[in-house]
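These are the residues of each chain, in order.
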Amino acid sequence: MNAEGLHLSINYASGSGVILSPEQKAALETSLVILKTNYKFQKVLLWGKVQGIKDDYFIAQGTGKDELNDQKSLYSLNCVDWHLLPPASEAMKEKAAVVRGRLMGDPSYEYEHTDVRRVKDGEEYTEEEVTIQIKEEDRVAAIVSTINEEASIVPRGAFIKTPLGEVHTNRSFEGLTVTESGKLASYMHFREAQNLNSKSIKEKADLDPSIDFLDNIEDDIPKGSWSLQFERGSGLVCIRSLQWVGLTFYHVPNTTKFGCIYVGTGEKNFDIPFML
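Basis of the calculations
Residues numbered from 1 in each chain as written. Predicted model: local features only at pLDDT ≥ 70, side-chain atom pairs only at ≥ 80, totals over all residues. Heavy atoms only, no water. UniProt positions renumbered as here; feature names shortened; annotations may be inferred. Pairing = 2+ DSSP bridges. Helix = DSSP H or I, 4+ residues; strand = E, 2+ residues; numbered from the N terminus. Contact = heavy atoms within 4.5 Å. Axes fitted to C-alpha atoms, helices over the stretch in contact; angles between N-to-C directions. Salt bridge = Lys/Arg side-chain N within 4 Å of Asp/Glu carboxyl O. Buried < 20%, exposed > 50% of the residue type's maximum accessible area, 1.4 Å probe, protein only.

As recorded in an unreviewed UniProt entry, the protein goes by Radial spoke head protein 9 homolog and comes from Phallusia mammillata. Turning to the protein, the UniProt record has this under Sequence similarities (unreviewed entry): "Belongs to the flagellar radial spoke RSP9 family."

Caption draft 1: Representation of the sheet that holds strand β12 (residues 236–241). The sheet built from eight strands is open, its strands ordered β4-β3-β2-β1-β14-β13-β12-β11 with mixed pairing. Both edges of this open sheet fall to β4 (83–84) and β11 (226–231), since each of them pairs with a single strand only. In terms of strand pairing, strand β2 (residues 57–63) meets strand β3 (residues 71–76) through six bridges, oriented antiparallel. In the strand pairing of β3, Q61 is matched with S73. Helix α2 (residues 22–39) contacts β1 (43–50), β2, β3 and β4 of the sheet and is inclined by roughly 135° relative to β1. Contacting β1, β2, β3, β4, β11, β12, β13 (247–251) and β14 (258–264), helix α4 (residues 136–151) crosses the sheet at an angle of about 60° to β2.

Caption draft 2: Main features of the pattern of salt bridges. Throughout the structure, instances matching the rule amount to ten salt bridges. Here K49 ties to D56 by a salt bridge, and the two come within 4.0 Å at their closest N and O atoms. We classify K49 as buried; its relative accessible area is 14%. The closest approach of N and O atoms between K93 and E90, which form a salt bridge, is 3.9 Å. Linking K93 with E90, this pair stays in helix α3 (residues 90–98), spanning three residues, or about one helical turn. Relative accessible area serves as the criterion here: at 17%, K93 is assigned to the buried category. Residue E90 is classed as exposed on the basis of its relative accessible area, which comes to 54%.

Here's what the structure looks like:
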C-alpha cells in the first residue's frame, strides 16, 4: 500500500478490518516521508502490521529503481522510529518455519526449539536432538519475505519489464475493467516467476513478455486459496488470501489505485486443504 495518500488508501481495506488509529495514521504519514528521504527510496509502501503479544511490528518497504528486485524492509514498534530488517536467507526461513506460536513483540527475544531427527548410522537409524535458535527480529524478516513470495499480488499490466531486466511502474496502465477485475487470471504474484517455464508453447505465444513476466495467481495450489469479492457495487474489488489470513489486496476498477496490506499474527494457515 503506497504511503502517499495513506489516509485514503487504508479505507479501501477497511472491509477486512484493517484500521489505524488517528494517532497511528498521523505518525505514519510523517515518518514514512522522512524514511523515504533518509534512505533515498524511489517509493515507500506500508506493508502492514504483524501482531505480537507485547507490541506490534509495523512493516514498511522501500524500493529503488528496480521495484521488484531492489526492495528493503523496515519495522517500527511505535510508527516513528524505523529499523532495517535483515535480508531473509533460506536458513532463516527454515528456522522460522519450525517455530510455532505468536510473536512476543520484542526484537531481541530468542526462540529455542528442540527437534528430534532420525540420522542414519550405517544400516541403523539413531535419534538425536537438534536445538534451533532464532532471534525474533530474524523471524519477522522471514515471515515478511515468505508472505511477499507467496501472497503479494498486483494487477496484470501494472508493471513493465524493460529490455535491461528492470521492473518499473507501467505508466500506460489505466486499471483493469470491471469484467477483468472479477477474474483471478488478471492478478499476478509480485515475485520472480517460478511457473512460466512450465507453460506450453501455445500458451507462451499468447503472452506479452513486457507485462506477462510474473506468475498468475489463478494457477496457485490449492485451488480456492484466494477469495475475490466486489464491494461498493462494482466500485472496489478485494482479494483475500486464505493461506495468509489477514492479507488483503484491493483495486478500484478503471483507475490506477491498487495496493496490498497484511495485518495478522504472521502464522500460515496449514489447515486450508481440509477447509476447501
